[in-house]
Amino acid sequence: MLGFLINSVLADPAEEYPRLSANESTSQDYEIVKLIDGPIDALYQINNQSLFIAQSNHDLWKINAAGEVIDHFSTSDLYSSGLILEEEGFIDWVFTRDKQQKNYGEKIDASGYSEQQLLDAFNDAEIVEFLDKNDQGSAYLYQNGKVNLLDISNQREKITDLVYMSHNIRREYNIHQDETEINGNRFENYNKKPPLFAFIKSQSSLPRYAAITGYEKIAYHRPYSIANTLLENILGAIFVSNHRTREFGYEVGYSHMELKIKDQVLKFSVLSDEQYSSGRSHDINWLDPDSADPTGLKFMAVNYRRKNLAELNERSLLPYYENDIGLYVLRAKTPHNQFAQTAWQLSYSGLYSYNPIWGYLKFVQTDLAPAYYWFRKSRPLPSSAIMGDYGRRADIVSPILKALPKSLTFNWVDFKDRSFRLVINSRDALFYNPEDTLVAVKLEFDSAEMEQAFQKLEKMPGLSQLTLHMVEKPYGAELKVYLQNSSTQVPLKKFHFDYQEQAYTPKSPHLTQSDGQLELFAAYEDSLLTSEPNDFLEKTQELIEKGELSQFAPQVSYYFAQLSYQFSINNALDENTVLMDFYFEKIHSLINYNQREELQHKNLIVFASQVIYTGSNTNNPVLTEKAINTFVEQDFDLEKETDRAFLFNVACYYARNHVKDRMLKIINRAIALGRDPQTFLKDSDFSHYWQDTDFLDALKPVAVTAP
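Residues numbered from 1 in each chain as written. Predicted model: local features only at pLDDT ≥ 70, side-chain atom pairs only at ≥ 80, totals over all residues. Heavy atoms only, no water.

Right, let's get into the overall build of the protein chain. Assigned secondary structure in the protein chain consists of 17 helices and 33 strands. Counting over 707 residues, the protein chain shows a buried share of 54%. Put simply, the protein chain shows about 32000 Å² of open surface, and 47% of that area lies on carbon and sulfur atoms. (Helix = DSSP H or I, 4+ residues; strand = E, 2+ residues; numbered from the N terminus. Buried < 20%, exposed > 50% of the residue type's maximum accessible area, 1.4 Å probe, protein only. Areas by Shrake-Rupley, 256 points an atom, 1.4 Å probe, with all protein chains shown as cover.)

Pasting the structure below:
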């Protein structure tokens, strides 16, 4: 009982030094923010650029120069070079952000190569990996976005597949001194080039910019029971001449940490104990890119202290530090945090999603760029952890924000061999998909309701959560949305929504191995990142002049769809107009549009919707009419279309041009597919019809009933 009482005394750190997990450590220009919730295996830097990859088991998270998570990928086939090598192809997402598998080049028989010819082939490649698999030895040579294969089966004995983390990397790079899920290999007497993708070394000692300035004792930790400790000491004293008396325990507490950057100080507290040294031993691993990173980002990681909770009664310490577990960054404050608004974070609970949930937020302040987020599926557990309630499900990988949200888009996956019904605000959609159901939902918040909700929480301590709660129902699920903190929950009821069965971002087709296609893809990537279409359009023009563009029709339609979609998100409407004018003038007649090509059709639906949106928002009726004349009047059968966003935009066009019969027909189709009727009553394009009985009859909702 005494031991229980000792280990149950919880204390909060001093207000001046908030817990690290509270995300309240800020200065005038800087902030410490939790990027990833859960234990981190390793952190990598890409070719000395200001791009980083954090790894947790099979999950990879890409972090940009501003210290923001910008992408996620899950794989068990990552190699120490940064390539992802799968059975049927490779993925170079680490370097390009492209998640699509690309085909390997034709395998070349290298059995007749001399030793020098073989070394020359290895050295000519940017990256080389070696695999001994299925009784074949192969060299994978990565150069200019391609992977060519050499058959070196006659030298299989020189290939060594490594458990890459087993020795020096486990000691020096893995953040919690364990194995990392990464593959490696070597070829006898060959030294690989310095990698384009390198580990950032972690250290537990304090870096030059950090200091411990104080300590608060919170408990006395007892690794063993009092009875066991007494018995061991008695028996040891009797039977062992040089027995050292075992201590009954040691104190644990919060170390007060201060980080100094450019004469500004950021303060926080983290669990410490004095078991390991005379000084206070904190639980942070520091990952500092140092001079290699011009942005000055500093990373910190907190992990589980032990793999096995039964070891040294570790379970009793979890309440003091488990919330702190994750990857943090010290960075310049983002524009989204430079407001007086209550700090908040997005969270998800309820029905499980079989893929990570991801999406983006837009804000009332129109000059703010969208904020992207991902939810983890679950917090990984150490491999040797005892079963039971070890660990907890991770809450979120989402930015801390202060700007008022205007809209939210998220993608969620339910694997059910049945039709699936999603209910939101007493309205529903039925997805007739016998396989996995991918749902993309867009929520448009009521600004007055959202502002009032934040006002109710602004004087309360702690971080607020904008929560998406998916409640399982016999017929599918119901989505509930509310703003909450530790003591108060405010339901949100006035938001409007749209949704579709496919993600708002269309799927990319597989890349071919054509040089022209690879160059076009590289230009597309540059334009996607910069929101400038010129590089992409110049490369497209080159392919037109060579007569090569038509063979890439599915890819080209994808690129235009993705660029137009991303430009709209970033409010780059002038750039979008340039992109779209180029398409209608030079592209559409060359790509041999065929509605039977499902992927190309989906991409062009997305593109057409963005053209109508851009024309409307730039007062450019000529651009809008190009979309109507090209797609709506010729290529698409509106009675068969299921994209609600596209149908809504077409209905807006007909409403503005007073084509009532077509407008009503499309409204009926959109409502039948689950479009929220309130969106037609809020958009001023329909204001002329707000008192029209035919219009109002078309908006009558369908009652929600379980199947």
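Looking now at the confidence of the model for the protein chain. Any residue range with low pLDDT should be treated as having predicted coordinates unsuitable for detailed reading. With 77% of its residues at a pLDDT of 70 or more, the protein chain shows a mean pLDDT of 77. Mean pLDDT values for the elements of the protein chain range from 35 in helix α1 (residues 2-7) up to 93 in helix α11 (residues 573-587). Counted against residues more than four places away or in other chains, residues 164-174, with its pLDDT under 50, gives 30 contacts. (pLDDT = per-residue confidence, 0-100. Contact = heavy atoms within 4.5 Å.)

Turning next to the packing of aromatic side chains. Applying the stated rule across the entire model yields 37 aromatic pairs. Taking the centre distance of 6.2 Å and the plane angle of 40° together, the rings of Phe-584 and Phe-607 count as tilted. Remark: Phe-607 occurs in helix α12 (residues 598-617) and Phe-584 occurs in helix α11; sequence separation between them is 23 residues. For Phe-584, a relative accessible area of 17% puts it in the buried group. We classify Phe-607 as buried; its relative accessible area is 0%. An aromatic cluster of at least three residues, connected via ring pairs, comprises Phe-521, Tyr-524, Phe-536, Tyr-558, Tyr-559, Phe-560, Tyr-583, Phe-584, Phe-607 and Phe-631. Above the ring of Trp-93, the side-chain terminus of Lys-62 is found at 4.5 Å from the ring centroid. (Phe/Tyr/Trp six-rings, centres within 6.5 Å; stacked < 30°, edge-to-face > 60°. Lys NZ or Arg CZ within 6 Å of the ring centre and 35° of its normal.)

Applying the stated criterion across every chain yields a total of 16 salt bridges. The shortest N-O distance in the salt bridge between Lys-102 and Asp-92 comes to 2.9 Å. Pair noted here: Lys-102 is in the loop between α2 (93-96) and β8 (107-109) and Asp-92 is in the loop between β7 (90-91) and α2, with a separation of ten residues, a long-range link. One network of salt bridges, in which partners are shared, links Glu-16, Glu-258 and Lys-267. (Salt bridge = Lys/Arg side-chain N within 4 Å of Asp/Glu carboxyl O.)

Below, the discussion takes up the pairing of strand β30 (residues 464-473). Strand direction decides the pairing type here: strand β23 (residues 344-350) and β30, joined by seven bridges, are parallel. What sits directly across from Ser-349, in β30, is His-469. Direction of pairing for β30 relative to strand β31 (residues 476-484): antiparallel, over a ladder of nine bridges. For Glu-472, the partnering residue across the bridge sits in β31 and is Ala-477. The hairpin turn running from β30 into β31, its antiparallel successor, is two residues long. (Pairing = 2+ DSSP bridges.)

This brings us to the sheet that holds strand β22 (residues 326-332). The strand order across the open sheet formed by five strands is β1-β22-β21-β20-β15, and the pairing between neighbours is antiparallel. Single-partner strands in this sheet number two, and they are β1 (30-37) and β15 (202-203). Of the pairings in the sheet, the one linking strand β21 (residues 298-302) to β22 comprises five bridges and is antiparallel in character. Within the sheet, the bridge partner assigned to Val-302 lies in β22 and is Gly-326.

Let's shift gears to the nonpolar core. The biggest cluster of nonpolar side chains holds 64 residues, and the ones touching the most others in it are Phe-560, Phe-646, Ile-667, Phe-680 and Phe-686. Discounting residues that sit within four places of it in the chain, Phe-560 has contacts with Phe-536, Leu-537, Leu-579, Phe-582, Tyr-583, Ile-587 and Phe-607. With 37 residues, the next largest nonpolar core counts Phe-410, Ile-424, Met-450 and Phe-454 among its residues. (Core = buried A, V, L, I, M, F, W, Y, C linked by side-chain atoms within 4.5 Å.)

What follows deals with unusual backbone geometry. Even without being glycine, Asn-134 reaches a positive phi, approximately 55°. Considering the arrangement of structural elements, one finds Asn-134 in the loop between β9 (127-133) and β10 (136-143). For Asn-144, which is not glycine, the phi torsion reads 55° and is therefore positive. Tracing the sequence through the fold places Asn-144 in the loop between β10 and β11 (146-151). Take Asn-144: its relative accessible area is 60%, and that puts it in the exposed class.

On to a negative patch on the surface, then. A contiguous patch of negative charge on the surface is contributed by Asp-526, Glu-532, Asp-535 and Glu-538. Inspection of the secondary structure assignment puts Glu-532 in the loop between α8 (515-530) and α9 (534-546). (Patch = residues over 30% accessible without salt bridge, like charges linked within 9 Å, V, L, I, M, F, W, Y side chains within 5 Å. Lys, Arg positive; Asp, Glu negative; His and termini not counted. Charge placed at Lys NZ, Arg CZ, Asp CG, Glu CD.)

The subject of this paragraph is the sheet that holds strand β2 (residues 42-46). An order of β5-β4-β3-β2-β14 is seen for the five strands of this open sheet, with the pairing classed as antiparallel. In this open sheet, the two strands that pair with only one neighbour each are β5 (69-74) and β14 (197-199). The sheet shows a mean angle of 25° between the axes of neighbouring strands, taken without regard to direction. Pairing of strand β3 (residues 52-56) with strand β4 (residues 59-63), which is carried by five bridges, proceeds in the antiparallel orientation. By the bridge assignment, Ser-56 is partnered in β4 with Asp-59. (Axes fitted to C-alpha atoms, helices over the stretch in contact; angles between N-to-C directions.)

Those residues of helix α7 (residues 447-457) that sit buried are Glu-449, Met-450, Ala-453, Phe-454 and Leu-457. End-on view of α7: buried residues confined to an arc of 135°, all on one side of the axis. Backbone nitrogen of Ala-448 and a side-chain oxygen of the N-cap are separated by 3.3 Å at the start of α7; the cap is Asp-446. (Arc of directions from axis to C-beta. Polar contact = N/O pair within 3.5 Å; in protein donor to acceptor, adjacent residues only side chain to side chain.)

What follows covers the side chain of Thr-540. Examined against the element boundaries, Thr-540 turns out to sit in helix α9. Within the structure, the side chain of Thr-540 is placed 2.8 Å from the backbone oxygen of Phe-536, a separation counted as a polar contact. Look past the residues within four positions of Thr-540 in its chain and what remains in contact with it is Leu-520, Leu-549, Phe-582 and Ile-587.

Checked against the element boundaries, Asp-59 lands in strand β4. Taking the relative accessible area as the measure of exposure, Asp-59 reaches 11% and is therefore buried. Along the primary structure Asp-59 and Pro-356 are separated by 297 residues, whereas in three dimensions their C-alpha atoms are 9.9 Å apart. At 3.0 Å, the side chain of Asp-59 forms a polar contact with the side chain of His-72.

Here α8 contains 16 residues, and its C-alpha end-to-end distance of 23 Å stays within 8% of the 22 Å for a straight helix at 1.5 Å per residue. Looking at α8, one finds that the buried residues are Gly-516, Gln-517, Leu-518, Leu-520, Phe-521, Ala-523, Tyr-524, Glu-525, Ser-527 and Leu-528. Each element contacted by the buried residues of α8 is listed here: α2, β11, α9 and α10 (553-569). (Expected span 1.5 Å × (residues − 1).)

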